[in-house]
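# Fold and geometry: a report
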Amino acid sequence: MKITCGTDIIEIERIKESIQTLEDRFLNRVFTQNEIQYCESKKAQKYQHYAARFAAKEAAFKAISCNLNDKYKISWKDIEVTNDNQGRPKLNITGVDLTGIESIDISISHCKEYATANVTVLYK
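To keep things clear, this report deals only with the structure shown in the data block. The shown structure was predicted, so the numbers you read here are calculated from the model rather than taken from an experiment.

Another point: the overall build of the protein. The secondary structure content of the protein amounts to 4 helices and 5 strands. From first element to last, N terminus to C terminus, the protein shows the α and β order β-α-α-α-α-β-β-β-β. The globule rule puts the C-alpha radius of gyration for 124 residues at 14 Å, and the 14 Å found for the protein is close to it. Dimensions along the principal axes, computed over C-alpha positions, put the protein at roughly 45 × 30 × 25 Å. Per-residue burial over the protein gives 40% buried out of 124 residues. If you sum the accessible surface of the protein, you get close to 7,500 Å²; carbon and sulfur atoms cover 46% of it.

Among the structural elements, Thr82 can be located in strand E2 (residues 79-83). Classification of Thr82 by relative accessible area gives buried; the value is 16%. Thr82 has contacts with Arg88, Pro89, Lys90 and Asn92, leaving out every residue within four places of it along the chain.

Here the structure, examined in full by the defined rule, presents 5 salt bridges. Of the charged contacts in the structure, one is a salt bridge between Lys57 and Glu35, with a shortest N-O distance of 3.0 Å. Within this pair, whereas Lys57 is found in helix H4 (residues 46-64), its partner Glu35 is found in helix H3 (residues 33-40), the two being separated by 22 residues in sequence. We note that Lys57, like Glu35, is buried. With a shortest N-O distance of 3.2 Å, Glu40 and Lys46 are connected by a salt bridge. We classify Glu40 as partly exposed; its relative accessible area is 31%. Taking the relative accessible area as the measure of exposure, Lys46 reaches 18% and is therefore buried.

Two modes of strand pairing occur in sheets, parallel and antiparallel, and in both the strands are linked by backbone hydrogen bonds. If you trace the 3 strands from one edge of the open sheet to the other, you get E1-E5-E4, paired in antiparallel fashion. The sheet terminates laterally at strand E1 (2-11) and strand E4 (101-110), the two strands that pair on one side only. Within the sheet, the average angular offset between the axes of one strand and its neighbour, ignoring direction, is 10°. Pairing between E1 and strand E5 (residues 114-123): 10 bridges, direction antiparallel. By the bridge assignment for E5, Ile10 is matched with Ala115. Sheet contacts for helix H1 (residues 12-22): E1, E4 and E5; angle to E1, the most-contacted strand, approximately 70°. Sitting on the sheet, H4 is in contact with E1, E4 and E5, with an inclination near 30° to E5.

Close contact between H1 and H4 brings their axes to 9 Å; oriented N to C, the two are set at 105°. Taken as axis vectors, H1 and H4 run roughly perpendicular relative to one another. Facing Ile12, Ile15, Lys16, Ile19 and Gln20 of H1, the residues of H4 in contact are Tyr47, Gln48, Tyr50, Ala51 and Phe54. Counted by class, the contact of H1 with H4 contains 7 nonpolar, 2 polar and 1 charged residues.

Procedures and definitions
Residues numbered from 1 in each chain as written. Predicted model: local features only at pLDDT ≥ 70, side-chain atom pairs only at ≥ 80, totals over all residues. Heavy atoms only, no water. Helix = DSSP H or I, 4+ residues; strand = E, 2+ residues; numbered from the N terminus. Rg over C-alpha atoms; globule rule 2.2 N^0.38 Å. Buried < 20%, exposed > 50% of the residue type's maximum accessible area, 1.4 Å probe, protein only. Areas by Shrake-Rupley, 256 points an atom, 1.4 Å probe, with all protein chains shown as cover. Contact = heavy atoms within 4.5 Å. Salt bridge = Lys/Arg side-chain N within 4 Å of Asp/Glu carboxyl O. Pairing = 2+ DSSP bridges. Axes fitted to C-alpha atoms, helices over the stretch in contact; angles between N-to-C directions. Parallel < 35°, antiparallel > 145°, perpendicular 65-115°, else oblique. Nonpolar A, V, L, I, M, F, W, Y, C, P; charged D, E, K, R; others polar.

If you want it as structure tokens, here you go:
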């Protein structure tokens, strides 16, 4: 059995500036339509949610990168952050061979200035 983890922290203001400057070019490059719809539904706090999802994608990449033969074969949109029926975050990862992975756990958090995420991967 092997366990890997990835963590990331991002300033919410950096994500806000990227969205305001690059608009759809940034959003459509980094986030899926489901993620955009979710974040936009959060109105005034949408940037916190975008930043949390950005951090989650970075943390997920760090946690699974040891399983990738070519780290350039994964894109931002191959990792999608959704929520289960209880509102807990979960990851949908596509376009990557996840053979040997038993489970993936994620935790995200945000406050006024920062968003952070931690991803833990358990291998068989």
